[in-house]
Amino acid sequence: MRATVLVRPKQGILDPQGEAVESALGHLGFSVSEARVGKVVDLEVDASDSTEARAQVERMCEQLLANPLIESFEVEIHG
């Protein structure tokens, strides 16, 4: 099964990359606010069904892919 994980800084956590993007877009004439920069991780997971795949990927996020103190994550499973 394929899985996509979106990891981003939690609300209230300093995001210097997001601030840089927001500032640069402002200099280019775009009006934006609260830009957040995260990462996307695409995985091929060996699982028998989507429930098992989601559980595996969530454990991966908790143990390696995301820092639970400062980052949140979203998991999408593609059958």
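Everything here concerns the structure above.
Residues numbered from 1 in each chain as written. Predicted model: local features only at pLDDT ≥ 70, side-chain atom pairs only at ≥ 80, totals over all residues. Heavy atoms only, no water.

J.: Mind showing me how you'd approach the pattern of salt bridges here?
T.: Think of it this way: side chains of opposite charge can pair up when their charged atoms draw near. Tallied over the full model, the rule gives two salt bridges. For Arg-2, the salt bridge goes to Glu-44, with nearest N and O atoms at 3.3 Å. In this pair, Arg-2 is assigned in strand β1 (residues 2–9) and Glu-44 in strand β2 (residues 39–44), connecting sequence segments 42 residues apart. Owing to a relative accessible area of 42%, Arg-2 belongs among the partly exposed residues under this scheme. For Glu-44, a relative accessible area of 58% corresponds to the exposed category. (Salt bridge = Lys/Arg side-chain N within 4 Å of Asp/Glu carboxyl O. Helix = DSSP H or I, 4+ residues; strand = E, 2+ residues; numbered from the N terminus. Buried < 20%, exposed > 50% of the residue type's maximum accessible area, 1.4 Å probe, protein only.)

J.: For this particular structure, what's the right way to read the sheet that holds β2?
T.: What links the strands of a sheet is backbone hydrogen bonding, and the strands pair in either a parallel or an antiparallel sense. What the three strands build is an open sheet, ordered β2-β1-β3; its pairing is antiparallel. Either end of the sheet is taken by a strand with one partner, and the two such strands are β2 and β3 (71–78). For this sheet, the mean inter-axis angle between neighbouring strands, taken without regard to orientation, is 20°. The sheet contact formed by β1 and β3 spans eight bridges and is antiparallel. Paired with Pro-9 across the strands is Glu-71, a residue of β3. Running over the sheet, helix α2 (residues 50–65) touches β1, β2 and β3 and is turned about 155° from β3. (Pairing = 2+ DSSP bridges. Axes fitted to C-alpha atoms, helices over the stretch in contact; angles between N-to-C directions. Contact = heavy atoms within 4.5 Å.)

J.: Would you mind showing me how to read helix α1 (residues 16–27) here?
T.: Every α-helical turn comprises 3.6 residues, leaving residues that sit three or four positions apart pointing alike. With 12 residues, α1 should cover 16 Å at 1.5 Å per step; its first-to-last C-alpha distance of 17 Å lies within 8% of that length. Following α1 by one or two positions, Gly-29 adopts a phi angle in the positive range, close to 95°. (Expected span 1.5 Å × (residues − 1).)

J.: What is the right way to read the nonpolar core from this model?
T.: The tendency in soluble globular proteins is for nonpolar side chains to be buried as a group. In terms of nonpolar packing, the biggest core is built from 13 residues, with Val-5, Val-45, Val-57, Cys-61, Val-75 and Ile-77 touching the most fellow members. The set of elements that each furnish at least two residues to this core consists of β1, α2 and β3. Per-element accounting of this core gives the leading share, four residues, to α2. For Val-5, the contacting residues outside a window of four places in its chain are Lys-39, Val-40, Val-41, Leu-43, Val-57, Cys-61, Phe-73, Glu-74 and Val-75. (Core = buried A, V, L, I, M, F, W, Y, C linked by side-chain atoms within 4.5 Å.)

In short, shape yes, function no, at least from these values alone.
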